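Structural overview
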Amino acid sequence: MKSLYHLMILVVLLGPVKFNECKTTDARQNTVRRFPEGFLFGTATASYQVEGAWNVDGKAENIWDHLTHTHPCDIKDCSNGDIANDSYNQYKRDVEMMRELGLDFYRFSLSWTRILPTSFVDKINEAGVNYYNNLIDEMLKYNIQPMVTLYHWDMPQKLQDLGGWNNPHIVDWYGDYARTVFELFGDRVKNWITMNEPREICYQGYGDVTMAPRLNIKGVADYMCAKNLLLAHARAYHIYNDEFRETQNGTIGITISAGFSEPASESEEDKVAAEEAALFGWGIYAQPIFSETGDFPSILKEKVAAKSAEQGFLRSRLPEFTPEEVEYVRGTSDFFGLNHYSSGYTFRNESVLGIFESPSSDDDLGAGSYVLEEWETSASSWLKVVPWGFYKLLVKIKDDYNNPPVFITENGFSTLGGLEDDGRISYYRKYLDAMLDAIAEGCDVRVYTAWSLMDNFEWMQGYTERFGLYEVDYEDPARTRTPRKSAFVYKEIVRSRALDWSYQPDTDVMTIDDGH
Ligand code: NOJ
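**Concerning the pairing of strand β9 (residues 344-347)**
Here strand β7 (residues 261-263) runs beside β9; their pairing, made up of three bridges, is parallel. Bridge pairing in β9 links Ser261 to Gly344. Examined bridge by bridge, β9 and strand β10 (residues 368-370) share three bridges and lie antiparallel to one another. Bridge assignment links Tyr345 to a residue of β10, and that residue is Tyr370.

**Comments concerning the sheet that holds β7**
Spatial strand order, β7-β9-β10: three strands in an open sheet with mixed pairing. Pairing within the sheet leaves two strands with one partner each, and these edge strands are β7 and β10. For this sheet the average axis-to-axis angle between neighbouring strands, irrespective of direction, equals 40 degrees. Of the strands in this sheet, β7 and β9 touch helix α11 (residues 268-290), which is tilted by about 170 degrees from β7.

**Brief notes about the state of the cysteines**
All chains considered together, the criterion is met by two disulfides. There is a disulfide in this structure between Cys202 and Cys225, and the S-S distance comes to 2.1 Å. Every disulfide takes its handedness from the sign of the S-S torsion; for Cys202 and Cys225 that torsion is -70 degrees, giving left-handed. With Cys202 in helix α9 (residues 198-205) and Cys225 in helix α10 (residues 221-248), the pair connects residues that are 23 residues apart, well separated along the chain. In this pair, the class of Cys202 matches that of Cys225, namely buried. What connects to what in the protein, once the bonded cysteines are numbered by sequence position, is 1-2, 3-4.

**Focus: the site of the ligand**
In the vicinity of the ligand, 13 residues are found, and the nearest of them are Gln49, His152, Asn196, Glu410 and Glu458. A distance of 2.7 Å separates an oxygen atom of the ligand from a polar side-chain atom of Glu410. Within the side chain of Trp451, an N or O atom sits 3.3 Å from an oxygen atom of the ligand. When the ligand sits alone it has 290 Å² of accessible area, and the protein chains cover 96% of it. Here the residues of the shell around the ligand are counted per class, giving six nonpolar, four polar and three charged.

About the cut-offs
Residues numbered from 1 in each chain as written. Predicted model: local features only at pLDDT ≥ 70, side-chain atom pairs only at ≥ 80, totals over all residues. Heavy atoms only, no water. Pairing = 2+ DSSP bridges. Helix = DSSP H or I, 4+ residues; strand = E, 2+ residues; numbered from the N terminus. Axes fitted to C-alpha atoms, helices over the stretch in contact; angles between N-to-C directions. Contact = heavy atoms within 4.5 Å. Disulfide = S-S within 2.5 Å. Buried < 20%, exposed > 50% of the residue type's maximum accessible area, 1.4 Å probe, protein only. Near = heavy atom within 4 Å. Polar contact = N/O pair within 3.5 Å; in protein donor to acceptor, adjacent residues only side chain to side chain. Areas by Shrake-Rupley, 256 points an atom, 1.4 Å probe, with all protein chains shown as cover. Nonpolar A, V, L, I, M, F, W, Y, C, P; charged D, E, K, R; others polar.

This is the structure we're talking about:
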């Protein structure tokens, strides 16, 4: 709605604008493109979205259990993750699907309250630990590497009652949790991701109502969350670095979500607005870790401080890092974990003055954004097909942050369900093609992860939006998983290590081939 509104304003004010052409051409689609030597393919899920068993074997309540149980119909289909895909019991079938696809690795997350029911390290839940041991061992049996996210949105409810990411003690609590899981699983897990998507955690969970815990304290709680979350991430990195890296020999980093903000016109104002939108949107988390100087972006510090003063605050709503903290956070990621789905246009003109709630990060930024009506769309309102945005974003990460190794930790497309998912196939092909363009341009992309292995609980959208390569039948107590057409296409990409647009799968039987 917001984007349409902005589009209308923009068209009225500027008249029709000229836009960049999509890079993918029909000619390109006739060639087979190879992925670089050593490039790795996987799929991803997250604990709350697939595990179920929400109160089984000693697991304690987290913020998504709490939200879905206290406000069931705030979720689009009044559903929850109580059973979800029942992966807690069906992990062997999940691994079988990984083998069918021929994956190099599988990204999943750990449920904090399944491992530490009190939230703290005074009690380790053996049954929860066994579940993850079984899953990891089953994967390794078939040479599928685990890539493990420590935090994918399921904060223990008890810690949330204490403020969650807004309580500075979270740095200690999260650090203790991190040390525990390195001790428990680090002999076999060599790829760690500390946090999944700080932007969604902080802006949506603390500055809005679109993710648990839905604090909606705009322009204050979201910025406090950013600072504490970054310090907690850095704590986990340092613990790994100082206490485990030598013996366990793995990598550890953070996953940040980002779209590309394309300036709506050639005007200086729009270019500046697009750059600032990127800094407010995801640079706030990337800059402190990946830039040479560290710290929050200076334009953010200036803008929030100025607005705060105007609004009568006695200090900036954006908390400061001390010089020691800047150093503590800087450089704390072995790779740039990137979740990317879509992109849009950004502009700034008089039409955006005073239209945002104040205070809020939108108001601090003061820019408008929109997408084009004609862009292909998924089942999610925010997810339009814009492959050139992926290319531009990867080049921007290379240019801004000295070409770090990039792990694409999520990329995918939603439908309303059904096995014939040509829209998803087309999305994957276009986005992989754009990624190959970026690699040809020198971007150091090493890993690609499709979201998702199978349908799952899509947060506030419940089970209405489906991201799976495998369809899950939620009417069936057995939660039967069936490969979609896209599963066959992805399998061929992984097998051939190449992108061949002409490949037409035979979708009759899914088999397990080769060494898997
Ligand atoms: C990002 C999140 O990490 C994941 O949990 C979610 O399901 C997908 N994007 C799709 O929205």
